[in-house]
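# Coordinate analysis (summary)
This is what each chain is made of:
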Amino acid sequence: MSQEADSRIGTRCFCDQAIRQVRCLECFQFAPLCRSCWVHAHQHQPFHWAHVWDTEHGYFHRQDISTILDSDLSAIPLGHDGDICPQASKPSLMTLVDHDTGVHATKVTFCGCHDSNKWRQLMDANLFPATVAEPQTAFSFRTLRHWQLITLQSKITAYDYVRALRRQTDNVFTGNVPDVYKQFQFVSRIWPLLEAEKRFGGVYGNHMNELYPRRPQDNVMVYCPACPEAGVNMEPNWDKTPPELSRHLNTIFNTIDGNFKTGNYAKNNDPNDVSLFAGRAYMPNQKRHQHYLEAVPQIQKEKATCSHLKVENGANRAKFKNMSVTGNVNVQCSHMFVCSSVDMKGGENHATVDLAIKLRVESCRFDKDKQPHRVFSYDNMCSLAVNIVQRWLKFHKDDADVVQKASWTIPACHVNNHHEGCNYLYCYVYKMCMGHFHGETAEYAWAIFNAIGPSVLQMSIGHRIDTLIIHYGDWNWRKVVGLSRQLEKDLNDAKCKYVEKRDSFAGLCRLFDSKIVQWNAMDRSPHVDPNSKRTVFSIYSHNQEKSPTLKALVDKEMLSSDIIAVCSGNVKLGAVASWMMEGLRLFQLQNRIRMLARTSATPTKSLCNQRSKLSADLDAWRKLQKRYMVSIASRISRQPDEQHPEDQLLLLPSDFTPAECQQLRLIPLATKQIQMLEAMLGEIIANLQTTVKNLSAAFERKIKDACGQDANTKSIVQIRKIEAKRNDLMGDYDLFREALNALDGLDEGKWPPLALKDTFRKPTERRRNPGDSRVLEGNLWGMTSAGHARWALTNTEGTLIIASARVEKAPRPTGELPSGKLPETLEHAEQPGINADGWIWSAGRLKHMSMKEIEVWEETNNRIQWARSEADFERWQEQLEVKHADFMRFIRYAAYARDVWLKLAQGPCSSSLGHIAYRREHSNMWESLCAEAEGRYNHCGIPGLRIVTKGKTFVDNVAQWRQEEEKHFSFNR
């Protein structure tokens, strides 16, 4: 409240000519002055409000500087740096606008001794006139800069901004403040164009066109520094890169997407109100677009093969009523830069998408014989790509070769809304040389551009186009300044994911070693069934619908002798081996019965029967034990009779310490038991892998086939049985692992602890889900039947290495693996093991599989798991290489731009000191961006890829690095 008055008012001014009457609140710590001194002090601050003390009423009221003095001496002078011109014109009434103080109805005098152009004098004073002939309204440059930044960041409309300025001037009688909205609309459209011309070389004659000859003439677009651009950021002789590397190292990745939030109402528009950018940035010239609409059919013959996908048909035609433009189709690069944009007329059709692709191709030309590979991702690609070559040969013949060589994908999330066959035809992860180009980045920018949707909806056609263009340009520029940080983040992410996927794939290669050569020879390309166009055969999918029943799987496991044969293959085991195996079976059964006994307070009939059977088996086994373990016969006889049979100590060698085994002459038997335990652990791992596969299949079949409460309940019961078997196998693993440890024969690296999360596995029965490439399967799938597990390591220098868990000093993984969809609690059925009469699935084709069919089904599961893991590994390997290439292109682009601006500063077009200073400033800016990118790249890049020695190329580094990485695999890939 003390600021509402000033005790110095009425005292003598420091000029000693008058009393203090006026103060300024915009100036920092400004003392009140007399009227004449205040005007002189604000010679260079004419937009500050004068707060004049009203002696009669006793408070301050605001006045413009031109009203402080009775004479014309307080008018704002132009032409002499704030001084009054000797030949000044008579004061003219003008409206001047400044973003700090608002709207001023003031007086201005123009210089009469120099340039008589009023608009030029205003521009020299950093005031932008609303008209040229007789300007009566002008806006300060800083107001226009402030407006542009505010609208680009917060999407505020010009109307709201002007309304805020008027309220800032007078928040009570706002209606008395001059309304400059119409003038501001005009000026705010010209200002961004002039800024673009200044920043992108439009004022430098033809020099920018000569320095960037492959870009469209006089364009004012912001380009992506990391995307390939011939003659600017690509490595010399890039076109000689081997195809297996060039298809991703030099690929231009593009996303395509339509948006219905940036439309425009149909109304009577001024035919002279056209876009000021005139087709030089992102969007086509209006005349060209209109001619295209008339020449090219806008209704395509191709219908979507996925019936529930209604993008191309506009989903809801009613919402397009009274709309001249229904939205936009944008093409963006993988780094999220807007490359082209085309208005939609009525809906999202193929002709509009084709034009957007055409503009993208035109934005950066390549020689016909040196075309890079291009990838386009679009949510309706299964319809767009059907006849795209024929359409381009007819309507875009000059660039038809581009689409003939291009690859087509569907974004990772969108592809799940398509028919299953589209997943294998268009999902990026199943295509070679795609990196981790998931295509969903097309959606990111719409969250920003949708905010201007309500504004452009009501604009004139030309104004709408200009508004979209300046927002596209700002979006791209924000990406430029943040690109090195984003590339660093992406590269670090790719390094971690690559190591995970490489080691996971290497583990599966060891697990399925006998099948690798056969699977590796299989074709990775999908094939469409000629008889049924909707059926697609792929190495990554199940090509038959049958799945085994629970009874058949259990029978197969009981009859299988693979692992037992491996463990007992040496006939020297004989009867001792058979007896030892029986002892381990009893050991396992004791554990199962103990677990069952804990679940009920009183013994059930089933428990009693199992105890009776166990007791009889123990008696028969003890007879042979006394023959083979004579040294402990007395201890065997001293077993208490009142104990439950599951609590009796079997007195296997694992029940004694190594010293006791030596004393009791049990070393040979202990050695045999170690061998048997190793075999049992391997068998448990194999059975657990099969059980988890079946559990995954059971969940999928429940979703697809369990309709109704009865079927759903039965499915849940059967799933619980499979879960019980899984949990029993995990309990057996812990039991035998502990016994092996007691014999001092446990290799921690060979048989690591097994938790529920280690059994997680991405289902092979369903299509790949978005995010699967970031999910690592559980440790169970990195273990072979011989128990090998390997863990990924990264050294401090950023070099990717792999270390075996056998090494004592090798650290365990620090990150938690996803638990998937498995329950977090271990639940057990009342009956240990699996009820042989239970069925996993109960309908038709899901049962009565032969043993041969079960084997084929299991091998298919294994093959799909291996193939998908290979695809994930290869895509992340490519992604790692692509991000190194992106970094190097960004550095080259920044260095090229630095040199371009330096040439302009030193060249013949340097007509003024201002031109030279601006170009040097821009050269230094690009130098700073280049240095920042180099620093980040040196920090996160892999030395073997990053450091390009003299006489070599980055492609040479990639080839050598790949060769070194192959040492992690046991076969020739």
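Before reading further, recall that the structure is shown in the block above.
As the structure is a prediction and not an experimental result, all values here were calculated from the model. (Residues numbered from 1 in each chain as written. Predicted model: local features only at pLDDT ≥ 70, side-chain atom pairs only at ≥ 80, totals over all residues. Heavy atoms only, no water.)

## Here's the deal with the overall build of the protein
To keep things clear, this is the line we draw: The helix and strand labels rest on DSSP assignments: H or I over at least four residues marks a helix, E over at least two residues marks a strand, and numbering proceeds from the N terminus. Each residue is placed in one exposure class: buried if its accessible area under a 1.4 Å probe, protein chains only, is under 20% of its type's maximum, exposed if it is over 50%, and partly exposed if it falls in between. Should any heavy atoms of two residues lie within 4.5 Å, those residues are considered in contact. Computed with the Shrake-Rupley method and a 1.4 Å probe, the accessible areas treat only the protein chains shown as cover for residues.
Counting secondary structure elements, the protein contains 29 helices and 19 strands. Residues classed as buried in the protein amount to 53% of the 973 residues present. Counting only contacts in the protein whose residues sit at least 6 apart along the sequence, the fraction spanning at least 24 positions is 73%. In the structure as shown, the protein presents an accessible area of about 45,300 Å², 52% of it carried by carbon and sulfur atoms.

## Some words on the layout of surface pockets
Which entries qualify depends on this criterion: Each cavity reported here is a set of points on a 1 Å grid over the protein atoms alone in which a 1.4 Å probe fits but cannot get out, each pocket an open set with protein on both sides within 12 Å along at least five of seven lines, and each lining residue one with an atom within 4 Å of a point. Grid points are joined across faces, edges and corners, and a volume is the space filled by probe spheres set on the points. Gly counts as polar in this scheme, as do all residues outside two lists: the nonpolar Ala, Val, Leu, Ile, Met, Phe, Trp, Tyr, Cys and Pro, and the charged Asp, Glu, Lys and Arg.
Of the voids in this model, the second largest pocket is the one considered here, and its volume is about 1,100 Å³. Contributing to the lining of the second largest pocket are 43 residues, with Ala-196, Arg-199, Phe-200, Val-222 and Trp-477 lying nearest its centre. Listing elements by their share of the lining of the second largest pocket, those giving two or more residues are helix H3 (141–154), helix H5 (181–199), helix H6 (207–211), helix H16 (461–511), helix H26 (851–906) and helix H27 (913–940). Per element, the largest residue contribution to the lining of the second largest pocket is seven residues, and it comes from H16. By residue class, the composition of the lining of the second largest pocket is 24 nonpolar, nine polar and ten charged.

## Topic: the pairing of strand S3 (residues 59–63)
Our working definition: Between any two strands, at least two bridges found by DSSP are needed for them to pair.
Both strand S2 (residues 50–54) and S3 contribute to a ladder of five bridges, which runs antiparallel. Bridge pairing in S3 links Ala-50 to Gln-63. In textbook terms, the turn of a hairpin is the stretch between consecutive antiparallel strands, and for S2 and S3 this stretch comprises four residues, one of which, Gly-58, has a positive phi near 80°.

## Some remarks on the pattern of salt bridges
Rule in force here: For salt bridges, the criterion is a side-chain nitrogen of Lys or Arg within 4 Å of an Asp or Glu carboxyl oxygen.
Per the stated rule, a full pass over the model turns up 43 salt bridges. Here Arg-611 makes a salt bridge to Glu-646, at a shortest N to O gap of 2.8 Å. With Arg-611 in helix H21 (residues 605–628) and Glu-646 in the loop between helix H22 (633–637) and helix H23 (658–663), this pair connects stretches of sequence that are 35 residues apart. With a relative accessible area of 13%, Arg-611 lands in the buried category. Exposure remark for Glu-646: the relative accessible area of 2% places this residue in the buried category. Among the charged side chains, a network of salt bridges with common partners joins Arg-288, Lys-358, Glu-362, Arg-365 and Asp-399.

## As for unusual backbone geometry
Phi is positive for Asn-322, close to 65°, though the residue is something other than glycine. With respect to the helices, strands and loops of the structure, Asn-322 is situated in the loop between helix H8 (286–295) and strand S11 (323–325).

## Overview of H21
The cut-off we apply is this: Multiplying 1.5 Å by the helix residue count minus one yields the expected span of that helix.
Along its 24 residues, H21 runs 35 Å from first to last C-alpha, staying within 8% of the 34 Å computed at 1.5 Å per residue. Taken residue by residue, H21 has Leu-607, Gln-610, Arg-611, Leu-614, Asp-617, Leu-618, Trp-621, Arg-622 and Gln-625 as its buried positions.

## Examining the environment of Met-680
By the secondary structure assignment, Met-680 is in helix H24 (residues 667–705). For Met-680, a relative accessible area of 7% translates into the label buried. Measuring from C-alpha to C-alpha, the distance between Met-680 and Arg-737 comes to 9.6 Å, with 57 residues separating the pair along the chain. The residues contacting Met-680, other than those within four sequence positions of it, are Met-581, Leu-584, Gln-588 and Phe-736.

## Some details on the state of the cysteines
The test is simple: The criterion for a disulfide is a pair of cysteine sulfur atoms lying within 2.5 Å.
All told, the structure shown has zero disulfides when counted by the stated rule. No disulfide involves Cys-85; its nearest neighbouring cysteine sulfur is the one of Cys-111, lying 3.6 Å away. For Cys-85, a relative accessible area of 4% translates into the label buried.

## Regarding the packing of aromatic side chains
What counts is decided by this rule: Aromatic rings from Phe, Tyr and Trp, with only the six-membered ring used for Trp, were paired whenever their centres fell within 6.5 Å, and each pair was classed as stacked if the ring planes differed by under 30 degrees, edge-to-face if by over 60, and tilted otherwise.
In total, this model carries 29 aromatic pairs according to the counting rule given. Where Phe-449 meets Tyr-472, the ring centres are 4.9 Å apart and the plane angle is 75°; that geometry is what we call edge-to-face. You can see Phe-449 sitting in helix H14 (residues 446–449) and its partner Tyr-472 sitting in helix H16, a full 23 residues away along the chain. Residues Trp-519 and Trp-866 carry aromatic rings whose centres are separated by 5.8 Å and whose planes lie at 45° to one another, so their mutual orientation is tilted. Of this pair, Trp-519 sits in helix H17 (residues 516–520) while Trp-866 is found in helix H26, placing the two residues 347 residues apart along the sequence.

## Topic: empty space enclosed by the protein
Rolled over the atoms, a probe as big as a water molecule pinpoints where empty space is left. Counting across every chain of the model gives six cavities of 30 Å³ or more. Its boundaries defined by the atoms lining it, the second largest cavity holds a volume of some 140 Å³. Forming the walls of the second largest cavity are 15 residues, and the residues nearest its centre are Tyr-223, Cys-224, Cys-339, Arg-360 and Ser-363. Along the lines of polarity and charge, the residues of the lining of the second largest cavity split into eleven nonpolar, two polar and two charged.

## Brief notes about the sheet that holds strand S1 (residues 22–23)
On the basis of which strands lie adjacent, the open sheet formed by three strands has the order S1-S2-S3 and antiparallel pairing. Each of the sheet's edge strands pairs with one partner strand only, and the pair in question is S1 and S3.

## Section: the side chain of His-396
Structurally, His-396 is set in the loop between helix H11 (388–395) and helix H12 (400–405). Setting aside chain neighbours within four positions, we find His-396 in contact with Tyr-292, Asp-354, Lys-358 and Arg-391.

## Here we look at the nonpolar core
Our working definition: By convention a nonpolar core is built from buried Ala, Val, Leu, Ile, Met, Phe, Trp, Tyr and Cys residues, the set being connected through side-chain atoms within 4.5 Å.
In terms of nonpolar packing, the biggest core is built from 97 residues, with Phe-277, Tyr-282, Trp-866 and Trp-926 touching the most fellow members. Setting aside its immediate chain neighbours within four residues, Tyr-282 contacts Met-221, Val-222, Val-338, Cys-339, Ser-340, Ser-341, Leu-359, Ile-469, Tyr-472, Gly-473 and Asn-476.

## Focus on the packing of H3 against H5
In plain terms, the rule: Comment: axis = line fitted to C-alpha atoms, over the contacting stretch for helices; angle = value between 0 and 180 degrees taken between N-to-C directions. Relative orientations are named as follows: roughly parallel for angles under 35 degrees, roughly antiparallel for angles over 145 degrees, roughly perpendicular for angles from 65 to 115 degrees, and oblique for any other angle.
Two elements in contact, H3 and H5, have axes separated by 10 Å at closest approach and are oriented at 85°. Relative to H5, the element H3 is oriented roughly perpendicular. Of the residues in H5, those in contact with Phe-141, Leu-144, Arg-145, Trp-147 and Gln-148 of H3 are Phe-184, Val-187, Ser-188, Trp-191, Pro-192 and Glu-195. For the contact of H3 with H5, the per-class residue count stands at seven nonpolar, two polar and two charged.

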